[in-house]
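# Working through the structure, step by step
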Amino acid sequence: MDPFEDTLRRLREAFHTGRTRSAEFRAAQLRGLGRFLQENKQLLHDALAQDLHKSAFESELSEVAISQGEITLALRNLRAWMKDERVPRNLATQLDSAFIRKEPFGLVLIIAPWNYPLNLTLVPLVGALAAGNCVVLKPSEISKSIEKVLAEVLPRYLDESCFAVVLGGPQETGQLLEHRFDYIFFTGSPRVGKIVMTAAAKHLTPVTLELGGKNPCYVDDDCDPQTVANRVAWFRYFNAGQTCVAPDYVLCSPEMQERLLPALQSTITRFYGDDPQSSPNLGRIINQKQFQRLRALLGCGHVAIGGQSDESDRYIAPTVLVDVQETEPVMQEEIFGPILPIVNVRSVDEAIEFINRREKPLALYAFSNSSQVVKRLLTQTSSGGFCGNDGFMHMTLASLPFGGVGASGMGQYHGKFSFDTFSHHRACLLRRPGMEKLNDLRYPPHSPRRLRVLLVAMEARGCSCTLL
Amino acid sequence: MEREVQRVRQAFLSGRSRSLRFRLQQLEALRRMVQEREKDILAAIAADLCKSEFNAYSQEVITVLGEIDFMLENLPEWVTAKPVKKNLLTMLDEAYIQPQPLGVVLIIGAWNYPFVLTIQPLIGAIAAGNAVIIKPSELSENTAKIVAKLLPQYLDQDLYIVINGGVEETTELLKQRFDHVFYTGNTAVGKIVMEAAAKHLTPVTLELGGKSPCYVDKDCDLDIVCRRITWGKYMNCGQTCIAPDYILCEASLQSQIVWKIKETVKEFYGENIKESPDYERIINLRHFKRILSLLEGQKIAFGGETDEATRYIAPTVLTDVDPKTKVMQEEIGPILPIVPVKNVDEAIDFINEREKPLALYVFSHNHKLIKRMIDETSSGGVTGNDVIMHFMLNSLPFGGVGSSGMGAYHGKHSFDTFSHQRPCLLKSLKREGANKLRYPPNSQSKVDWGKFFLLKRFNKEKFGLLLLTFLGIVAAVLVKAGYY
């Protein structure tokens, strides 16, 4: 018995009725999402606190406000985004109507992760709905409290003929992926990303994969260690380090490391007090499995700051490791926790070489007073996104596309990029039924003379258009 | 195979494909290649498909030259960083999108337009600064050979290489890791390509096919319509992925359409079509036999003559075709089935019951009807009142949807396909005071201020700048002073 068959058929049929096409319908869905956020603020905060010990500050800023911002942006721009995009014409098509029509794909599957379970579910959802698709949402079963809210409360705010939430773990998700979708949007690990893309290949379903990697953070000698420590620590320990774009490890000279360590200690104390475990501003690890994995990483190198953990609380102290080897586990896998290893390099060149030896990360950070150094890091490496002298602020700007490259993912979203991701860009050329004489040149029989005429015409325009 | 790919990757890592100057140089060299060796290229295409010089030139070479010229003209602008709109929080920063090459691109070509379908993607990949491995289709042997011979004579020999071979070699090649795979071909192999790419999380562009429907309304000038359809259908002996595959029309129009197409065929190819230099041949025996089998049990209105020795199949039209028969399941070939429908509603239903095609055609004087056709169906692209032409305008993205493919190219769309559009935000280490707002320990007031900065839009940049600085200072001071 396939638990999803009926739901998917229902949604597909709804899509074929054309219900989701009008701007009014889509706007109503988006407004519904907005109301969902506003009317359930406390419920959502509580759920996020339960799942990840998220403070009200983090919940509001990184989950609710970001989602709200995307909804507002989509509502404001929906009609403009939906409009047919006129394109420049060439000589042959001067008299025609040429435009790109943005069409919904149809049935979209969104698979969401557990670390920002509200944001990383709603923001893609905004794009999919704005683009006029019907959506199946598969929230993460690991962030149980939010999963419950999304399954029980969210559907009430949307047209349920065009939207469904399906629940389950890896097995159910595997079953779900055997079905055909018109687009799949996945946020998660590269390992599962491969599984998703392989399943999508069987149906030739296009995908966007928002994956992860180890985001390098280069700290130049020429900068103020305290400022750098503040910024790096904030982005590292936000959400207890469970952020795909968090600075994963620091690359700096031994001299810089000397200055950075006390600065980091000072920052951590200021942020979380002398006993971080009692700070309301530090999150917790999502579950035992992740906790055990992270605790094992504490054995790598030497603990310079932090290193404490408490299994009953799934608490790991904001930690900094030094003397780590590239071969140790903490430098092999994405950390996804409040642990910051520092790796020494002797120069910018060595740092660039180090970074380029490894998989392309989702984000790359470079701290320096010298804009030249920052620009060098930028131009000589590749990554999903880049931020100079700060952490993942680039994510908060909806005019910048957000996505990975190489092993950190494919495709991009946020703002208009979401709308475009979930739309098929259909090339449309509407020609005139008359003026057939103009077409005569293209019809056989062709003579050598005609070829010469064609060549002369090409030469004369020195040209970049195709005549026929 | 692995060594070859490694060599290309090393060449990419050297960084020399990245500079604008280098890319322009390579494109200019490619242009010279096409111009200087035109005769060889046309001869190769002729040998593969029995294509006349004119056709090979006008269908393949012109498009390649046009694309190169377009790139040369626009590339300097495309490679520059594009600044983006900032919010209050990033007002003082530099924010832009920087296109970057992906790395090593694999292009797998097709046999039906063997030159342009291999070289046009190559142009895009070079323009975007990548290294490229080209795998031309082995079915169009001669073009594959000439491409392998000429490319190293004009382009950088380590950055752009040609690997020839059949299914076995392609399978081996697909096991290697690339940074983008661009495939033109059929749906079945498209799935294999995507699955292989998934193992390395390699993004793909798949230009596949499908049965492109052609709806002919009763409100149209049938003379003109049939000329246009005939042109697009029998060009390259029907071996065109965006050819009008079958006609949907009201039964009353069938006989007229048949008659007019027949007349047009005579006009285009003469009484003895076999002798027309403008009519091509089927690529190989396997396809010849396949297409022949599609005629079984069908009502041939005209055409149907074949000659196995020369792989000749006459322009053929079938009437009253049963949608369940084989000819309505496969594509590619100079056979045009006409499927009668009651009206445009039935036509739309018919189209929507089937896979999304690469192209859709609709002929009518009634603009509302055309609009309805477009609104109520989906396809890679559409040309209204003509066929094929949307391929010719490179400001339109060319690609499929659903089983007709994913991704698009041509013109700037090629450049974008083969680039990573990297978002960059450059801040300064100064003004750390303003950041105190975001650092713990947190308070409700910080939440409110944070939301303000995150969500507020400002239209007047300078004003926003001033306000930001002022507010930032005020907020930081107030918070520090413990008022909140």
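Residues numbered from 1 in each chain as written. Chains lettered and ligands numbered in written order. Predicted model: local features only at pLDDT ≥ 70, side-chain atom pairs only at ≥ 80, totals over all residues. Heavy atoms only, no water.

This part is about the overall build of chain A. Along chain A, the regular secondary structure elements total 15 helices and 18 strands. Expressed along its principal axes, the backbone C-alpha trace of chain A runs to roughly 85 × 55 × 40 Å. Counting the 468 residues in chain A, one finds 63% classified as buried. About 16700 Å² of surface is accessible on chain A, with carbon and sulfur atoms providing 52% of the total. Counting 51 positive and 51 negative side-chain charges, chain A places the centres of these two groups 11 Å from one another. (Helix = DSSP H or I, 4+ residues; strand = E, 2+ residues; numbered from the N terminus. Buried < 20%, exposed > 50% of the residue type's maximum accessible area, 1.4 Å probe, protein only. Areas by Shrake-Rupley, 256 points an atom, 1.4 Å probe, with all protein chains shown as cover. Lys, Arg positive; Asp, Glu negative; His and termini not counted. Charge placed at Lys NZ, Arg CZ, Asp CG, Glu CD.)

Looking only at helices and strands, chain B has 17 helices and 18 strands in total. A principal-axis box enclosing the C-alpha atoms of chain B has dimensions of 95 × 55 × 35 Å. Burial analysis of chain B (484 residues in total) assigns 64% to the buried set. For chain B, the proportion of contacts with a sequence separation of at least 24, taken over those separated by at least 6, is 71%. Accessible area of chain B: about 18000 Å², with a carbon and sulfur share of 54%. With 59 positive and 57 negative side-chain charges, chain B shows a separation of 10 Å between the mean positions of the two kinds. (Contact = heavy atoms within 4.5 Å.)

Residues and elements named next belong to chain A. Following the UniProt record, one finds the feature "active site" (unreviewed entry) at Glu210 and Cys244. In summary, the annotated positions, though distributed over 35 residues, converge in three dimensions, the widest C-alpha pair being only 9.1 Å. Those annotated residues from the list above that line the second largest pocket are Glu210 and Cys244. Not counting residues up to four positions away in its chain, the partners in contact with Glu210 are Phe185, Phe186, Thr187, Gly188, Phe402, Gly403, Ser408, Gly411, Gln412 and Tyr413. With respect to the helices and strands, the residue Cys244 is situated in the loop between α9 (225–237) and β9 (249–252). Since its relative accessible area comes to 13%, Cys244 is described here as buried. (UniProt positions renumbered as here; feature names shortened; annotations may be inferred. 1 Å grid on protein atoms, 1.4 Å probe; cavity = no way out; pocket = protein on both sides within 12 Å on 5 of 7 lines; lining within 4 Å.)

Turning our eyes to something else, we now look at the state of the cysteines. Going through the model one piece at a time under the given rule, you end up with 0 disulfides over all chains. No disulfide involves Cys244(A); its sulfur sits 15 Å from the nearest other cysteine sulfur, which is in Cys387(A). Note on Cys214(B): no disulfide assigned, nearest cysteine sulfur contributed by Cys226(B) at a separation of 9.1 Å. A relative accessible area of 0% places Cys214(B) in the buried class. (Disulfide = S-S within 2.5 Å.)

Each side of the interface is counted separately: chain B has 106 residues, and chain A has 113 residues. On the chain B side of the interface with chain A, the three residues burying the most area are Phe54(B), Leu201(B) and Leu429(B), jointly 10% of the side's total. If you look at where chain B meets chain A, you find 11 salt bridges. The residue Arg101(A) makes a salt bridge to Asp375(B) at a minimum N-O spacing of 2.6 Å. Summed over the shared surface of chain B and chain A, the number is 50 residue pairs in polar contact (both at pLDDT 80 or more). With 11 residues, the top contributor of residues to the side of chain B that touches chain A is helix α4 (residues 53–78) of chain B. Residue composition of the side of chain B that touches chain A, grouped by class: 45 nonpolar, 32 polar and 29 charged. (Buried area = accessible area lost by both parts, 1.4 Å probe. Salt bridge = Lys/Arg side-chain N within 4 Å of Asp/Glu carboxyl O. Polar contact = N/O pair within 3.5 Å; in protein donor to acceptor, adjacent residues only side chain to side chain. Nonpolar A, V, L, I, M, F, W, Y, C, P; charged D, E, K, R; others polar.)

The next thing to look at is the packing of aromatic side chains. In total, this model carries 28 aromatic pairs over all chains according to the counting rule given. Measuring from centroid to centroid gives 5.6 Å for Tyr183(A) and Phe422(A), while their planes differ by 65 degrees, and the two rings are edge-to-face. With a gap of 239 residues between them, Tyr183(A) in strand β6 (residues 183–187) and Phe422(A) in the loop between α14 (415–421) and β18 (423–430) connect regions that are remote in the sequence. According to the relative accessible area criterion, Phe422(A) is buried, its value standing at 0%. The rings of Trp234(A), Phe235(A), Phe238(A), Phe271(A), Tyr272(A), Phe392(A) and Tyr439(B) are connected pair by pair, giving a single aromatic cluster. Above the face of the Tyr116(A) ring, Lys54(A) is positioned so that its terminal group lies 4.0 Å from the ring centre. (Phe/Tyr/Trp six-rings, centres within 6.5 Å; stacked < 30°, edge-to-face > 60°. Lys NZ or Arg CZ within 6 Å of the ring centre and 35° of its normal.)

Here the focus is unusual backbone geometry. Looking along the chain, the bond that leaves Pro444(A) and enters Pro445(A) is cis, with omega of 0 degrees. By the secondary structure assignment, Pro445(A) is in the loop between β18 and α15 (448–461). Here the amide bond leading from Pro440(B) into Pro441(B) is cis, since omega sits at -5 degrees, within 30 degrees of zero. Here Phe336(A), not a glycine, exhibits a phi torsion of approximately 55 degrees, which is positive. Relative to the helices and strands, Phe336(A) is located in the loop between β13 (319–322) and β14 (339–344).

This part is about empty space enclosed by the protein. Residues and elements named next belong to chain B. Counted according to the given criterion, the structure contains 6 cavities of 30 Å³ or more. In this structure, the largest cavity encloses a volume near 280 Å³. Along the walls of the largest cavity sit 22 residues, with Gln59, Tyr113, Met235, Ile388 and Met392 positioned nearest its centre. Of all the elements, α4 adds the most residues to the lining of the largest cavity, at 4 residues. (Points joined across faces, edges and corners; volume = space filled by probe spheres on them.)

This part takes up the layout of surface pockets. All names here are of chain A. Space inside the second largest pocket adds up to approximately 1600 Å³. Lining the second largest pocket are 50 residues, and of these Gly188, Ser189, Pro190, Arg191 and Val192 lie nearest its centre. Broken down by secondary-structure element, the contributors of at least two residues to the lining of the second largest pocket are α7 (170–177), β6, α8 (190–201) and α11 (288–297). The element contributing the most residues to the lining of the second largest pocket is α8, with 6 residues. A per-class count over the lining of the second largest pocket returns 23 nonpolar, 14 polar and 13 charged.

Residues and elements named next belong to chain A. Structurally, the position occupied by Ala240 is in the loop between α9 and β9. Its relative accessible area of 1% is what places Ala240 among the buried residues. The spacing of Ala240 and Ile286 is 46 residues in sequence and 9.3 Å in space, taken between C-alpha atoms. In this structure, Ala240 is in contact with Gly283, Arg284, Ile285, Gly337 and Pro338, ignoring residues within four places of it in sequence.

One can find Ile352(A) in helix α12 (residues 348–357). Once the C-alpha coordinates of Ile352(A) and Ala398(A) are considered, the two residues, 46 residues apart in sequence, prove to be 28 Å apart.

The subject of this paragraph is the UniProt feature "domain: Aldehyde dehydrogenase" (unreviewed entry) in chain A. Mapped onto this numbering, the UniProt entry gives "domain: Aldehyde dehydrogenase" (unreviewed entry) at residues 9–424 of chain A. Along residues 9–424 of chain A, the helical share is 42% and the strand share 17%, with 21 Å between the first and last C-alpha atoms.

What follows concerns the nonpolar core. The tendency in soluble globular proteins is for nonpolar side chains to be buried side by side. Core analysis: the largest hydrophobic core is formed by 189 residues, its most contacted members being Leu122(B), Val216(B), Ile247(B), Ile257(B) and Ile261(B). Per-element accounting of this core gives the leading share, 13 residues, to α4(B). Leaving out residues up to four positions away in the same chain, Ile247(B) has contacts with Cys214(B), Val216(B), Ile229(B), Ile257(B), Ile261(B), Leu336(B), Pro337(B), Ile338(B) and Val339(B). Grouped together as the second largest cluster of nonpolar side chains are 99 residues, Leu30(A), Val153(A), Val245(A) and Leu282(A) included. (Core = buried A, V, L, I, M, F, W, Y, C linked by side-chain atoms within 4.5 Å.)

All names here are of chain A. Considered domain by domain, chain A is made up of domain 1 (4–212 + 411–424) and domain 2 (216–401). For domain 1 versus domain 2, the distance between C-alpha centres works out to 30 Å. Taken residue by residue, the interface counts 23 residues in domain 1 and 25 residues in domain 2. The contact between domain 1 and domain 2 buries some 2100 Å² in all, and 60% of this surface belongs to carbon and sulfur atoms. A per-residue breakdown of the area domain 1 buries against domain 2 is headed by His53, Glu58 and Trp114, which together make up 26% of the total. (Domains from an automatic or database assignment.)

Moving on: the packing of helix α2 (residues 23–39) of chain A against helix α4 (residues 56–82) of chain A. Residues and elements named next belong to chain A. Running from N to C, α2 and α4 cross one another at 170 degrees; their axes reach a closest spacing of 10 Å. Judged on the interaxial angle alone, α4 and α2 are roughly antiparallel. When you trace α2 past α4, the crossing you get is left-handed. Every residue of α4 that contacts α2 at Ala23, Glu24, Arg26, Ala27, Leu30, Arg31, Leu33, Gly34, Leu37 and Gln38 is listed here: Val64, Ser67, Gln68, Ile71, Ala74, Leu75, Leu78, Arg79 and Met82. Of the residues that constitute the contact of α2 with α4, the class distribution is 11 nonpolar, 4 polar and 4 charged. (Axes fitted to C-alpha atoms, helices over the stretch in contact; angles between N-to-C directions. Parallel < 35°, antiparallel > 145°, perpendicular 65-115°, else oblique. Left-handed = near helix turned anticlockwise from the far one by under 90°.)

A word on the sheet that holds strand β2 (residues 97–104) of chain A. Pairing in this open sheet of 10 strands is mixed, and the strands run β1(A)-β2(A)-β18(A)-β16(B)-β15(B)-β8(B)-β9(B)-β14(B)-β13(B)-β10(B) from one edge to the other. Two strands bound the open sheet, and with one partner strand each, they are β1 (85–86) of chain A together with β10 (299–302) of chain B. Both strand β8 (residues 213–216) of chain B and strand β9 (residues 246–249) of chain B contribute to a ladder of 4 bridges, which runs parallel. If you follow Pro213(B) over to β9(B), its bridge partner there is Tyr246(B). (Pairing = 2+ DSSP bridges.)

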